[in-house]
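Architecture and fold: a report
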Amino acid sequence: MTLLPVRAIQDADASPRGVALARGLGRHGERPALLGEAGTTSYAELARLVEAAADRHAARVAEPLLLAVGPRLEDVVTYLACLAVGRPVLLTDPARSTDELEARFGARPGAPAPHPDLALLMSTSGSTGSPRLVRLSARAVQANAEAIADYLGLTPDDVGVTALPLHYCYGLSVLHSHLAVGAAVVLTGTSVVDPCFWTAVDRHGVTSVAGVPHSFEMLEVSGAAARLAAGQHPSVRVLTQAGGRMAPETVRSWAERGERGGFDLVVMYGQTEATARMAYLPPHLAAERPDCVGVPVPGGDLRLEPVAGQPEGVGELVYSGPNVMMGYAETREDLARGHDLTELRTGDLGRQDADGLWRVVGRRSRFAKVLGLRVDLDRVESGLAAEGVDALVVDAGDRVAVGVVRASVPTSVPASAPAAAQAPADGADPVGRAASTPADREGLADLVARTARLAGVPAAAVTVVPLEERPLLASGKPDRQRVAALARRPERYVTAGGSCAATASSPSAAGVLSAVLGRPVAPRDSFASLGGDSLSYVEASVRLEQLLGGLPDDWHLRPVGTLVAAPARRAPRGWRAVETGVLLRALAIVAIVGTHGNLLDLTGGAHLLLVLMGFNLGRFALGSPQRRERVRALVRSAARVAVPSVLWIGGVTLLTGQYPWATALLVNQLVGPRSWTEPAWHFWFIEAFVLCVLGLALLAAVPAVHRLDRRHPFWFPVVLALVGLLTRYEVVVLRGGDVIHRAEVVWWLVALGWAAARATTTTHRAVVSALLVLTVPGFFTDPVRDLVVLVAALALVWVRRTWVPAALVPLVSALAAASLWIYLTHWQVYPHLEVDHPLLATLASLVVGVLVHRLVAHLSALTRRIFGADPSRLRASSVASSASPDGPAAVRIDGGPRRGPHR
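The structure contained in this document is the topic of the report that follows. (Residues numbered from 1 in each chain as written. Predicted model: local features only at pLDDT ≥ 70, side-chain atom pairs only at ≥ 80, totals over all residues. Heavy atoms only, no water.)

Things to note about the overall build of the protein chain
Along the backbone of the protein chain there are 29 helices and 25 strands. A total of 903 residues make up the protein chain; the buried ones form 59% of that total. Sequence separation of 24 or more characterises 72% of the internal contacts of the protein chain that already satisfy a separation of 6 or more. A total of about 35,200 Å² of accessible surface is found on the protein chain, and carbon and sulfur atoms cover 57% of it. (Helix = DSSP H or I, 4+ residues; strand = E, 2+ residues; numbered from the N terminus. Buried < 20%, exposed > 50% of the residue type's maximum accessible area, 1.4 Å probe, protein only. Contact = heavy atoms within 4.5 Å. Areas by Shrake-Rupley, 256 points an atom, 1.4 Å probe, with all protein chains shown as cover.)

Notes on the sheet that holds strand β2 (residues 39-42)
Judged by pairing direction, the sheet is mixed, and its four strands sit side by side in the order β2-β1-β8-β7 without closing on themselves. In the strand order of this sheet, the two ends are held by β2 and β7 (159-161), each with one partner. On average, adjacent strands in this sheet sit at an angle of 20° to one another, irrespective of strand direction. Where strand β1 (residues 32-36) lies against β2, four bridges are found, and the strand directions are antiparallel. Across the sheet, G36 pairs through a bridge with G39, a residue of β2. The strands touched by helix α2 (residues 43-57) are β1 and β2; relative to β2, the strand with the most contacts, the crossing angle is about 75°. (Pairing = 2+ DSSP bridges. Axes fitted to C-alpha atoms, helices over the stretch in contact; angles between N-to-C directions.)

Some words on the nonpolar core
Counting 99 residues, the largest nonpolar core has L617 and L634 as its most contacted members. When residues of this core are assigned to their parent elements, the largest contribution, twelve residues, is made by helix α24 (residues 743-758). When neighbours within four sequence positions are excluded, L634 is seen to be in contact with L617, A621, L622, V693, L696, A697 and A700. Ranked by size, the runner-up nonpolar core spans 78 residues in total, among them L154, Y168, L172 and A242. (Core = buried A, V, L, I, M, F, W, Y, C linked by side-chain atoms within 4.5 Å.)

A closer look at the packing of aromatic side chains
A full pass over the atoms with the stated rule returns 17 aromatic pairs. Seen in terms of ring centroids, F716 and W754 are 5.9 Å apart; in terms of plane orientation they differ by 75°. Their pairing is edge-to-face. Placement of the pair is F716 in helix α23 (residues 715-728) and W754 in helix α24, with a sequence separation of 38 residues. The same class applies to F716 and to W754, which are both buried. Look at W827 and Y830: their rings are 6.1 Å apart centre to centre, the planes differ by 55°, and that puts the pair in the tilted class. Across the pair, Y830 and W827 agree in class, each one buried. An aromatic cluster of three or more residues is present, and its members are Y659, F683, Y823, W827 and Y830. Its guanidinium or amino end placed over the ring of Y328, R132 lies 3.8 Å from that ring's centre, counting from NZ or CZ. (Phe/Tyr/Trp six-rings, centres within 6.5 Å; stacked < 30°, edge-to-face > 60°. Lys NZ or Arg CZ within 6 Å of the ring centre and 35° of its normal.)

Side note on the pairing of strand β10 (residues 238-241)
Side chains V238 and T240 project from β10 onto one buried face, and the interleaved L239 and Q241 project onto a second face that is buried too. Alignment of strand β9 (residues 208-211) against β10, held across four bridges, turns out to be parallel. Within β10, the position partnered with V209 by the bridge is L239. In this sheet, strand β11 (residues 264-269) lies alongside β10 in parallel orientation, the contact comprising four bridges. The residue of β11 that forms the bridge with T240 is V266. Remark: the β10/helix α10 (residues 248-261)/β11 crossover connection has right-handed handedness. (Right-handed = clockwise from strand over helix to strand, strands pointing away.)

Some details on a nonpolar patch on the surface
A contiguous nonpolar surface patch, about 630 Å² in accessible area, is contributed by V719, V723, L726, Y729, V731, V732 and L734. Relative to the helices and strands, L734 resides in the loop between α23 and α24. Judged by its relative accessible area of 57%, L734 falls in the exposed class. (Patch = residues over 30% accessible without salt bridge, like charges linked within 9 Å, V, L, I, M, F, W, Y side chains within 5 Å. Salt bridge = Lys/Arg side-chain N within 4 Å of Asp/Glu carboxyl O.)

Considering the pattern of salt bridges
In the structure shown here, the tally under the stated rule is 28 salt bridges. A salt bridge links R237 to D158, with the shortest nitrogen-to-oxygen separation between them at 2.9 Å. A residue pair is termed long-range when its members are at least 10 positions apart, and R237 in the loop between α9 (224-229) and β10 and D158 in the loop between α5 (138-152) and β7 qualify at 79 residues. When its relative accessible area of 4% is taken as the criterion, D158 is described as buried. The partner of R453 in a salt bridge is E387, and the shortest N-O contact between them spans 2.8 Å. Of this pair, R453 sits in helix α12 (residues 438-455) while E387 sits in the loop between α11 (377-386) and β21 (391-395), placing them 66 residues apart in sequence. Linked through salt bridges whose partners overlap, the residues forming this network are R289, D291, D353, D355 and R359.

Some words on unusual backbone geometry
Cis geometry is adopted by the peptide bond preceding P679, which originates at E678 and carries an omega value of 0°. Within the element layout of this structure, P679 appears in the loop between α20 (668-671) and α21 (684-700). With a phi angle near 60°, L666 is a residue other than glycine that sits in the positive phi range. Inspection of the secondary structure puts L666 in the loop between α19 (661-664) and α20. Its relative accessible area of 8% is what places L666 among the buried residues.

Observations concerning the packing of α24 against helix α25 (residues 762-775)
Their axes nearest at 9 Å, the elements α24 and α25 cross at an angle of 160°. Overall, the two elements α24 and α25 adopt an arrangement that is roughly antiparallel. Note on packing geometry: the crossing formed by α24 with α25 is left-handed. The residues of α25 that touch α24, namely those facing W748, L752, A755, A756 and R758, are H764, V768, L771, L772 and T775. Residues of the contact of α24 with α25, tallied by class, amount to seven nonpolar, two polar and one charged. (Parallel < 35°, antiparallel > 145°, perpendicular 65-115°, else oblique. Left-handed = near helix turned anticlockwise from the far one by under 90°. Nonpolar A, V, L, I, M, F, W, Y, C, P; charged D, E, K, R; others polar.)

Some remarks on the environment of V789
Relative to the helices and strands, V789 is located in helix α26 (residues 783-798). Under the relative-accessibility criterion, V789 is labelled buried at 2%. V789 sits 181 residues away from L608 along the chain, and the two C-alpha atoms are 5.1 Å apart. If we skip the residues at most four places from it in the chain, V789 touches G604, H607, L608, V776 and F780.

A word on the sheet that holds strand β15 (residues 315-320)
Pairing is antiparallel in the open sheet, where four strands are placed in the order β14-β15-β17-β18. Pairing within the sheet leaves two strands with one partner each, and these edge strands are β14 (301-306) and β18 (358-363). Averaged over all pairs of adjacent strands, the angle between strand axes in this sheet comes to 55°, irrespective of strand direction. Relative to β18, strand β17 (residues 343-352) runs antiparallel, the two sharing five bridges.

Focus on α10
Over its 14 residues, α10 extends 20 Å from the first C-alpha to the last, a length consistent with the 20 Å expected when each residue adds 1.5 Å. At the C-terminal side of α10, G262 shows a positive phi close to 85°. (Expected span 1.5 Å × (residues − 1).)

Focus on the pairing of strand β23 (residues 462-467)
Of all six residues in β23, six are buried; the element is thus mostly enclosed. Residues V462, V464 and P466 line one face of β23 and the alternating positions T463, V465 and L467 line the opposite face, and both faces are buried.

Looking at the environment of E273
With respect to the helices and strands, the residue E273 is situated in the loop between β11 and β12 (279-281). Each C-alpha atom of the pair E273 and T346 lies 8.5 Å from the other, and the pair is 73 residues apart in sequence. A distance of 2.7 Å separates a polar atom in the side chain of E273 from a polar atom in the side chain of Y328. (Polar contact = N/O pair within 3.5 Å; in protein donor to acceptor, adjacent residues only side chain to side chain.)

In structure tokens form, the structure reads like this:
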């Protein structure tokens, strides 16, 4: 960005020193100002706190303060005190070192005093590692706060929330604009995908939520988008978006959600150099003009500066207004400078439509001069995106550099394409990724050729930087500078014709999910969006906890690029927290096998696992907001259980003739004997699962039903459970016979598990619990069996994690992950040992099932490496196989004891 010379250097204006919004807090009286863990702080109390802190800062206005600011009352008080008395403050990220900033901008003897207009210093990149800072005047801070409050229509009744960091200009503008009108702000450090965030939104009546494009992606995958569209957070009246361009189709989609959910979407355009905002798109235009940035903010103006080589009507956007920065600062002495400019060259190429709306069409500074040729980096990046490659194209000095996440590297390779990448050396940036296989190297070589074609430069002028994950700034924007820095290190990456070492890189969250799910994983993908299921969930969660040391409860909904270790839970020595659902699954399969093997007498596991099945359907297969994707996910879930089951049961039938073909084909409930008969009904649970899921897929395919579920995500499965009670209590009898094992009868348990997954409040959990307490007792003829199912299901509803001895965690995980194969194979193992050796019968059944599960996983991976097949089609993993069933009675062997049907 370049600066326009001023027409006349401006000195300090005549207004009192400091920012008005910080000096006039007391005028709002007892209205709430800040809400959070510290309770409610009124404006009157905040004014007193700021006044007390201001006394400490008034005498030090000549010394800029470096403040690592977080969403905490004490940090906000310190910040406002500095604004009130005119002490320049440099806001920094609490997670980053400030040593360099202290050395460059901190107090030192003989340094000139900062300019009296200077109020705020911010990084241009969203991080404190920027080589230069933006100098913002008190007038600019106040003017932009008032402009934002004006076009958003903020009033003292509004409530904002710190959804973005306060050291980021967008996040800070939320605080400024609300304080300027006497509105309240909720201070929270939780993410928009954290249920606690939305609990705070509802508790405090938050009316506006701010987000960058990445925030909106997380809202999609976490399910919050659906809740907003369904009006489940009724206080929210506006969502604001800035911090980078959001795709027009995404803007339109959110605008349509707003129409259904009763909120507006306001797309905004700005830069730190303009204190935050320069333009906004009126919300009524978001759906029909989603590719525009709108109109200038109140008090501002946009014009076009002609740019050579651009079409008529396209030029550089130049902004003027009271919120334009004073200038940049690269040294301590720069803080004494006055106003270096009156207009801001944005560096963006834009045009104005006939109706007056402005749009950004490119970036002037996003051009590189390579071998004397001018390369439009945005055009190259867009061209690669159109070919399905998620890449960051940057200027690396004498060449074009392409940072590409390995998962999106193309695999079709021209025979003549050159090699493309070099593996990281020791101490390499962990974002970097080696091209470690021939397929990797060929794919990267193809990318070199594609980029060279789009850029119009020789392949030797292109460097590809393989990335493990998309690098992001603290603001959520792509970190292109990091890609450029990686490309400039010749010991790490080379261009066309260079060697390509095969060095293994350190594991990452994306790498773990790729290995577990057997498919490419991009940073924006989540476990749920990738079609993950309950058994792969077990393996993925265990491996990710080993990698990160802890996981947030909703990790499966978060984009993998955002996964970081969760705060460590304080565990007793020698214990670890395991998800209750995983523990219940492992205990259930042990109870099933132990009961069949005459070691235990503990029935009810299968019906408990039906609740688990519904719980995991709600988390995974039914997690997508798209109707077609939901249907596909449900069909995949059914297939992943049905295919291995048919293969195994059919194989046993071919070899031994043990089962009727109706059982082998999983249609015994439809065409087999109506009452319990062995061995025809051994696999009743598998059949019930497949029938329930396929029936649910048919239901989900109906647009009206899909809309109902999206609008009422908790109450919809509750209603389905109530409908299921008609068959549970035999008000409606479809087929009769062995009632408690039929799919249409046990459906009510599946629906309650689904509702449990959607229960986000204490009231919701209480509703599910009440239905369990009222409907489970009496379903079986055995009160103990009733109690087992009821207590375990209530634990699933209320207890998120359970402490278990650390030494048992690998065993619990192995049993839970292999539960389907344990169930399928144990019928061929325990009957040979149950009479004389019940313990051995149980242990052998568990071991064989785990071994078969691992063998199938190994063969799946091998198939993928050889043929590129999707191993998920071979792996016995699905949402429903989380519910490895307990089956019928132990089979009579040589006149041995028979316990009767363990239903």
